[in-house]
Each structure stands twice: as structure tokens, then as C-alpha cells.
Amino acid sequence: MSSIGTGYDLSASQFSPDGRVFQVEYAQKAVENSGTVVAIRGKDGIVFGVEKLVLSKLYEKGSNKRIFHIDRHIGLAVAGLLADARQIAEIAREEAANYRSNYGGPIPCAVLADRVSMYMHAYTLYSFVRPFGCSVVISSYDEDGPHMHVIEPSGASHGYYGCAIGKGKQAAKTEIEKIKMKEMSMRELVNEVARIVYTVHDEVKDKAFELELSWVGKDTEGLHQFVPAEIQEEAEKLAKKSLEDSDSEEDM
Amino acid sequence: MSVGNSAGFDRHITIFSPEGRLYQVEYAFNACKQAGLTSVAVRGKDSAVVVIQKKVPDKLLDPSTVTNLFYITANIGCVMTGMSADSRYQVKRARSEAAFWKYRYGHEIPVDVLCRRIADISQVYTQSAGMRPLGCIMTLIGYDDKMGPMVFKTDPAGYFCGFRAVACGAKHLEGGNFLEKCFKKKKDYTFNETIELAIHCLSCILSADLRANELEVGIVTQENPKFRTLTEAEIDNHLASLAERD
């Protein structure tokens, strides 16, 4: 049983002897190399937190955002190759616009997740294209409540209450499982998400990062927006403080 | 039987090996077992049932979005065993084919015709170089007013067949043996017996007492030919009467 491809990994149109498509698995590795995305679904909204690694001090603040708006009511956060992700965002926007034009209303999150996952899956079938090297999280809030779906490079998609993708996903998942998210409001979750992103950020390997926070829910009346500056500042302050507290506990 | 020199021949779908095998198609069958799930389908006297395990591997997953049972039309349902994304693609294609048939011919597509169509599409993937076969097995159930309940299965090779009972996935061999033994003793199963046989088969081959939230059951019957999935409460009832029998 070969676990490195050795010859079966040259295109997405080949199975390995144990029935795996290695190109898709390699695409998933590309996701694991990128900054962490943490997303939590509370009782009245969803908060995204993205650890955007800043590779050069010369970048303008706020450039190369990893959270996209799809229509007015859906947010899309990505982990992985940003160029591939921009393509997915464009497709998602087209699907949402077509839905609105055909059916006269905003596209439900589950429907958009289904369409985007079918699109990403199509790129895992042929030899002349490669799979997308990114995972996306889609969220929205409507009269049925908050919805969140994650789509992987294989095209598989599921609904989640909380998820983490990217570098620090294992550590972040452990933190998320401790939170009682189903009872928390989006305002409370902003602080939790910021705290988790700061906790999983590896100071040694990646120096600078920007935290992108966005939310959609009852407080924003169903519109997907970036978290207002004051709330974000407060959340980051609390996150840094809780990091210091836990550091000083370790020193003792 | 020689293991076969697979070097060089199994990379390309259009090339036969010296023994006349298509290795890529065989590897696609292995992909169907990757998810580790097994499904069982049984055709009774007046009903047809599909049962599959429900595994929710992550606590953070929303369990209502995890399913392997899909409806194709109101009267035809299926269980998909294998790679999740490939399954959804095949279901979408099946829905599209069924809808086109209704549009073109004015009546609902029969189960066997739909299965044949999906199988023919799967065969194309085994003969073209640029595409790979889909790593999933589709088991369709439906109630035909002339032929009665029907269970049809199609696999990555493009082969399809009608069954009295079939097991697919990781433990399909054990499942097949178990079902053969049961059908030797008794051929006609009522509605409740059909469901209980399917669930009993799954528990035996997995050597585990399955609970209602670890199972998904889809049924079609003579009284109600529409495909529907059982609720947890209904599954519990069947599990209880199964336990009483033992």
C-alpha cells in the first residue's frame, strides 16, 4: 500500500491501488499550510475569524482579504491558495446572482454550498485540470436561523456548528469543542473566536498576522459584515490579555 | 491466480493489463470502501428497504447535514456508498436524467431504466482517458405498479443488476453471505420483516448493536410508494422488536 503517490498521483483522473485520489489529498495539504480559519455558529449568528499571515511589512493593512461577501447575506472565508479561492468566490457570486435573477430572492446557504461543492468536485474528475487548493466556509442567517457549511477540495460539504481549517486546526478544534456555542450570542462569540485565533497562532514560525473578523446574524439583520472596528479592538485586547494570563500561569 | 504484473498498465484507464483487467476500475471499487461504511438493501414481498450506518466523525458536525440516503424522484430513492463528493455528483446526474425522462415521455422513469442509464454513463468513464470512474455505488429502490418493489444497484464499472438483497461497501462480502443464508430459508418478507432483516444483517456483519441514531433507513411500500426515510422513533421500534425476537 503506497501512501506516497509514486506514480498514481500525477493527475486527478487516476485512482491509486487502495482507491484514493492522491491529487485531491495533496490539494488538502495545500489547505493545511495556510493560516487558520475559525468559524463558530451561535444561537443567533455566525462569526468568522481568519489568521491572515502577513508575509511582508510592505503590504498595506487590510490587503489580500480572506473573507469575501457573497450577495449581501452570505460570507465566505477561505483557507489555502488565495488565487484559487478568488475563483471560488467569483463562482459563488455568479451563482447567487443567477439564483436571485431566476427565483427572485436571496440564495439559501445550503443551496449555495451545494452548487459550490459540485463546482469544486468537477475539478477532481479530469486529468487536464487540477483540484482547487482551498477549503471554503460559507455562512448566512435567515428566518430558519444561522447556517454554516464547509467545502473541502474534494467537493465534499457538510453543515457544522463549529469548524477550523488551516495550520492550527487541531488546536483550534479542541478549543472550539470546549465552548457551548449553541447558547452563545454572536456578540459573545466574537471574543471567543478572536481568543482562539490568537491561541493557535504560532509566534515562533509566523511572526506577523492580521486578524480578520466578520459576522452575520440577528445583530446585523442578516447582512454579512466585517466586525466594527471598536468591537474588534476590544476582542483583540481581551485575546491578548488571556494569552498573557495563560503564559504567566505556565511560568509559575 | 497470478497476482499480475501491474506495473505500467494500471495508470491509464484505456489500457488493458496482459491478463485483460482494467486496474483503474478495480481501484475505483476500493475507493467505495474507503469511507468504511456498509449499506444493505432488501426487497420484500411488497416493500423495499435500504439501510446504511450513520457515522458522524466530528462532534462539531451538524448531524442533520450528514446523510447517504437521497431521493431521485418522489418515488425512487437511493443509498450511496463510497466517496461523498462523487456520490452527490451521481445523485444530481440521476435526478437530472429522471427529470428529463419525465419531460420527454410524460411519465415517471422506472427504476430499472434509470439504473441502466446511470450505469451506461459510468461505463463511459471507464473507457475515456481524461476522466476517472466515480468512486461510489448507487443502490436504487422504488415501487413499480407492474413489477412491485425493486432494488437495483450500479457500480463504478458500469455494471448494473436487480437484486433480492444486496450489501455494498466495506463489508459487502460478509453481508452477501449473510443475506444468501437468510434467503435460502425464507423468500417472502413482509414490510416489518424486511426492515428487521436489513438492520439485523448490518448489526451482524459489523458485530455491533446499532442504535437508532447510528442508522439511516429508507423505504418504499405498496401502500405508500413514495420514498421516505424513517424517523429515529420508528427505527427504535424496529430495533425493539428485533431485540424481542432474539
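Our structure is the block above this text.
What counts as what
Residues numbered from 1 in each chain as written. Chains lettered and ligands numbered in written order. Predicted model: local features only at pLDDT ≥ 70, side-chain atom pairs only at ≥ 80, totals over all residues. Heavy atoms only, no water. Buried < 20%, exposed > 50% of the residue type's maximum accessible area, 1.4 Å probe, protein only. Helix = DSSP H or I, 4+ residues; strand = E, 2+ residues; numbered from the N terminus. Pairing = 2+ DSSP bridges. Phe/Tyr/Trp six-rings, centres within 6.5 Å; stacked < 30°, edge-to-face > 60°. Contact = heavy atoms within 4.5 Å. Disulfide = S-S within 2.5 Å. Axes fitted to C-alpha atoms, helices over the stretch in contact; angles between N-to-C directions. Buried area = accessible area lost by both parts, 1.4 Å probe. Salt bridge = Lys/Arg side-chain N within 4 Å of Asp/Glu carboxyl O. Polar contact = N/O pair within 3.5 Å; in protein donor to acceptor, adjacent residues only side chain to side chain.

(A) The pairing of strand β1 (residues 38–43) of chain B, seen in detail. Residues and elements named next belong to chain B. Judged by how many residues are buried, β1 sits mostly within the fold: 5 of 6 residues are covered. For β1 and strand β8 (residues 165–169), the ladder comprises 5 bridges, and the chain directions are antiparallel. Bridged to A41 within β8 is V166. Note that β1 and strand β2 (residues 47–53) share 5 bridges and pair antiparallel. By the bridge assignment, A41 is partnered in β2 with V50.

(B) How the structure looks around the packing of aromatic side chains. Under the definition given, this model contains 11 aromatic pairs over all chains. Considering the side-chain rings of F183(B) and Y189(B), the 5.3 Å spacing of their centres and the 55 degrees angle between planes classify their relative orientation as tilted. Each member of the pair, F183(B) as well as Y189(B), carries the same accessibility label: buried. Site record: aromatic cluster; members linked through ring pairs are Y119(A), Y123(A) and F132(A).

(C) Region of the structure containing the environment of S140(A). Residue and element names in this part refer to chain A. Position of S140 among the secondary structure elements: in strand β5 (residues 134–142). You can call S140 buried: its relative accessible area is 2%. Here the alpha-carbon distance between S140 and R41, two residues 99 residues apart in the chain, equals 9.9 Å. With residues up to four places along the chain from it excluded, the contact list for S140 reads I46, H73, I74, C109, G145, P146, H147 and V216.

(D) Here's a closer look at the pairing of strand β3 (residues 67–70) of chain A. Residues and elements named next belong to chain A. Judged from the 4 bridges that link them, β3 and strand β4 (residues 74–80) form a sheet pairing that is antiparallel. Within β4, the residue paired with H69 across the bridge is G75. Counting the residues that bridge the hairpin from β3 to β4 gives 3 residues, and of these D71 lies at a positive phi of roughly 55 degrees.

(E) Fine view of the environment of A89(A). Residues and elements named next belong to chain A. By the secondary structure assignment, A89 is in helix α2 (residues 82–103). Each C-alpha atom of the pair A89 and I151 lies 12 Å from the other, and the pair is 62 residues apart in sequence. If near-sequence neighbours (up to four positions away) are discounted, A89 is found in contact with F68, I70 and L76.

(F) Representation of the state of the cysteines. Residue and element names in this part refer to chain B. Applying the stated criterion across every chain, the model contains 0 disulfides over all chains. C32 takes part in no disulfide bond, and the closest cysteine sulfur to it belongs to C136, at a distance of 6.3 Å. Exposure remark for C32: the relative accessible area of 2% places this residue in the buried category. The structure places no disulfide on C182, whose sulfur is separated from the nearest cysteine sulfur, that of C201, by 7.0 Å.

(G) Geometry of the sheet that holds β2(B). Residues and elements named next belong to chain B. If you walk across this open sheet you meet the 5 strands as β8-β1-β2-β9-β10, and the pairing is antiparallel. If you trace the sheet from one side to the other, it starts and ends with β8 and β10 (228–229), each paired once. Packing of helix α5 (residues 191–206) onto the sheet brings it into contact with β1, β2 and β9 (215–221), and relative to β2 it is tilted by some 25 degrees.

(H) View of the interface of chain B and chain A. Across the boundary between the two partners, chain B contributes 30 residues, which contact 36 residues of chain A. For the pair chain B and chain A, the two sides together bury roughly 2800 Å², of which 56% comes from carbon and sulfur. For the interface between chain B and chain A, the tally reads 5 salt bridges. At the surface where chain B touches chain A, the tally comes to 15 residue pairs in polar contact (both at pLDDT 80 or more). Those elements giving two or more residues to the side of chain B that touches chain A turn out to be α1 (23–34) and α2 (84–105) of chain B.

(I) Just the sheet that holds strand β6 (residues 148–154) of chain B, in detail. Residues and elements named next belong to chain B. The 5 strands lie next to each other as β3-β4-β5-β6-β7, forming an open sheet whose pairing is antiparallel. Two strands lie at the open edges of the sheet, namely β3 (69–71) and β7 (160–162), each paired on one side alone. Here the strands of the sheet are splayed against their neighbours by 20 degrees on average, with no regard to which way each runs. Sheet analysis places β3 next to strand β4 (residues 76–82), joined by 3 bridges and oriented antiparallel. Within the sheet, the bridge partner assigned to F70 lies in β4 and is C78.

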